[in-house]
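# Structural characterization, general
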Amino acid sequence: MKPYMIIEGSSQAMDLFEKKVADALEAGYSLAGELVVKSHASDMKFYQPVMLEEDDEDDWDEDEDEEEDEDDE
């Protein structure tokens, strides 16, 4: 899967856009920014960035990082 993508949609097919976003969230993506809405002729275009959530908890631990900083002092 792509680590990042922008889901596109329009006001003419709002149900399809909502389904695409819902499907991405179910697949492990999270919203990665604000919904962008652009006026295009008599239609509104929607763009929703999403980012794949990664399970990096084993690779990086914020508490361990803070302990390393304290050891450096």
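For the structure itself, look to the data block above.
This write-up is about the structure you can find in this document. Because the structure is a prediction, the values reported are computed rather than measured.

The secondary structure content of the chain amounts to two helices and four strands. In sequence order, the secondary structure elements of the chain are arranged as β-α-β-β-β-α. The proportion of buried residues among the 73 residues of the chain is 16%. Sequence separation of 24 or more characterises 52% of the internal contacts of the chain that already satisfy a separation of 6 or more. Working note: accessible area of the chain is about 6000 Å², and carbon and sulfur atoms make up 46% of it.

Moving on to unusual backbone geometry. Here the phi dihedral of Ala-41 falls at roughly 55 degrees; this positive angle occurs in a residue that is not glycine. With respect to the helices and strands, Ala-41 occurs in the loop between strand E3 (36–40) and strand E4 (43–52).

On to the side chain of Asp-43, then. Structurally, Asp-43 is set in strand E4. A polar contact is formed between the side chain of Asp-43 and the side chain of Ser-11, at a distance of 2.5 Å. Once residues lying within four places of it in the same chain are set aside, the contact partners of Asp-43 are Ser-10, Ser-11, Gln-12 and Lys-38.

In terms of nonpolar packing, the biggest core is built from seven residues, these being Ile-7, Phe-17, Val-21, Ala-24, Tyr-29, Phe-46 and Val-50. The set of elements that each furnish at least two residues to this core consists of helix H1 (14–26) and E4. Per-element accounting of this core gives the leading share, three residues, to H1. Here Val-21 is in contact with Ile-7, Leu-31 and Gln-48, once residues within four sequence places are set aside.

Parameters at a glance
- Residues numbered from 1 in each chain as written.
- Predicted model: local features only at pLDDT ≥ 70, side-chain atom pairs only at ≥ 80, totals over all residues.
- Heavy atoms only, no water.
- Helix = DSSP H or I, 4+ residues; strand = E, 2+ residues; numbered from the N terminus.
- Buried < 20%, exposed > 50% of the residue type's maximum accessible area, 1.4 Å probe, protein only.
- Contact = heavy atoms within 4.5 Å.
- Areas by Shrake-Rupley, 256 points an atom, 1.4 Å probe, with all protein chains shown as cover.
- Polar contact = N/O pair within 3.5 Å; in protein donor to acceptor, adjacent residues only side chain to side chain.
- Core = buried A, V, L, I, M, F, W, Y, C linked by side-chain atoms within 4.5 Å.

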